[in-house]
Each structure stands twice: as C-alpha cells, then as structure tokens.
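# An overview of the molecular structure
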Amino acid sequence: MPRNPLAANGPLSSAEAAEAAFYEALQAGDAEAVMRVWSEDDEPVCIHPGGPRLVGAAAIRASFEQLLGGGALPVTPERVLRSVSMGCAVHNVVERVSLPRGAPAAFACVLTTNVYLRTPQGWRLVLHHASPGTLDETGELLAQSEQLH
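Residue numbers run consecutively from 1 along every chain, following the written order of its sequence. pLDDT decides what is reported in this predicted model: residues at 70 or higher carry local features, side-chain atom pairs at 80 or more are listed and counted, and totals for whole chains, interfaces and linings draw on all residues regardless. Only hydrogens and water are removed before side-chain values are computed, so all heavy atoms of the structure are retained for them.

Here the focus is helix α1 (residues 15–28). If you check α1, its first and last C-alpha atoms are 20 Å apart, about what 14 residues at 1.5 Å a residue would give, namely 20 Å. Remark: exposure states derive from per-residue accessible area (1.4 Å probe, protein chains only) relative to the maximum for the residue type, with buried under 20%, exposed over 50%, and partly exposed in between. Each helix is a run of DSSP H or I of at least 4 residues and each strand a run of E of at least 2, with the numbering of both proceeding from the N terminus. In terms of burial, α1 is largely enclosed, as 10 of its 14 residues are buried. All buried positions along α1 are accounted for by Ala15, Ala17, Ala18, Glu19, Ala21, Phe22, Tyr23, Glu24, Ala25 and Leu26. Contacts: residue pairs with any heavy atoms within 4.5 Å of one another. As for α1, its buried residues are in contact with α2 (31–37), α3 (57–67), β3 (75–85), β4 (88–98), β5 (107–119) and β6 (122–132). Phi for glycine 29, located one or two positions after α1, is positive at around 70°. Helix span is expected to be 1.5 Å times the residue number reduced by one.

Let us now look at the pattern of salt bridges. In a structure, side chains of opposite charge can pair up when their charged atoms sit close to one another. Just to be clear on terms, a salt bridge is a Lys or Arg side-chain nitrogen sitting within 4 Å of an Asp or Glu carboxyl oxygen. For the structure shown, the criterion picks out three salt bridges. Here arginine 82 and glutamate 16 are joined by a salt bridge, their closest N and O atoms 3.6 Å apart. Here glutamate 16 lies in helix α1 and arginine 82 lies in strand β3, a separation of 66 residues in the sequence. Arginine 82 sits in the partly exposed class, given a relative accessible area of 46%. For glutamate 16, a relative accessible area of 35% corresponds to the partly exposed category.

Bringing the confidence of the model for the chain into the picture now. Across the chain, the average pLDDT comes to 86, with 79% of residues at or above 70. The model gives residues 1–8 a pLDDT under 50, and that stretch makes 14 contacts with residues more than four places away or in other chains. Predictor confidence is given residue by residue as pLDDT, running from a minimum of 0 to a maximum of 100.

Another aspect to go through is the sheet that holds β3. Only strands that DSSP links by at least two bridges are regarded as paired with each other. Pairing in this open sheet of six strands is mixed, and the strands run β2-β1-β6-β5-β4-β3 from one edge to the other. The sheet is open, and its two borders are formed by β2 (53–55) and β3, each paired with just one other strand. Adjacent strand axes in the sheet meet at a mean angle of 20°, parallel and antiparallel pairs treated alike. Note: β3 against β4, nine bridges, orientation antiparallel. Opposite serine 85, over in β4, you have cysteine 88 as the bridge partner. Fitted lines through C-alpha atoms give the axes, limited to the stretch in contact for helices. The angle between two N-to-C directions lies from 0 to 180 degrees.

This is the structure:
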C-alpha cells in the first residue's frame, strides 16, 4: 500500500488523509501533488502569510508553484484542532516551519485554518488561510520539543 494517500490518485477517504497528503506534498516540494488535494468543483480560497486572497485553482496553483519553486517546504503540522460536521471539516493547525541554518531561530510558527469538504471525489481542501504565528506559539512548541518523554 502506498504511503502517500494520493500516490494512486484515488479519492481521499477522510479530511485527515487529505491533510496528510497536503503536508506530504509540501514537504516533498511537489506543487502538482498539492493541487490534487484542492477542490476543483468550488471556488477554493488560499491566503498565505501576509499575502492577498487567492481565489480559484489557477491562482492557487501559481502561488504553490512559486512557493515550491526552490524545493521542499519543511513544514510540520502540530497541535491540530479538528471540528467535523457532516461533509465539512475545519482544522486549525500550528505549523512548524524549519528555517535555514544560520537563522536566529530553528523554526517559525504559522497559524493555519484548513477547511475540507467531502465531494464525490473524496475529501478536498477548499480553504487554506495561514497567518504568521506569535511568540506565544513559538514558545509553546519550543517548550514541547524540550520536554523529555
């Protein structure tokens, strides 16, 4: 069985599978795989940190092609809060984005809301809204990573 839920281009069976595929595609630097998670039926919306509102698959595709043009995006979803109702799932995520060596901090935090709808093609992303995190989130993630388990 393939590790990537989209490896066989099959339907995504849950919002969690869609989210896993989205972040795996970002980590692989694969804009095409990122776009396979997005809805093609509705007018999807994407807002990158500090960026404008992008509406429609073409604008979203262009943004991810530019974002991933330099390669993989080292982003890890953490502290996910999920709300699911019927055919809609809302995930609030604290993303840990690894920074290049030599940066003052090892990582930055991005606060993200991902909304998924159940479609005939499986669960699809219809909204990705990301904002810069605060020092509070960064401190919380840093404290978590320093705890011994």
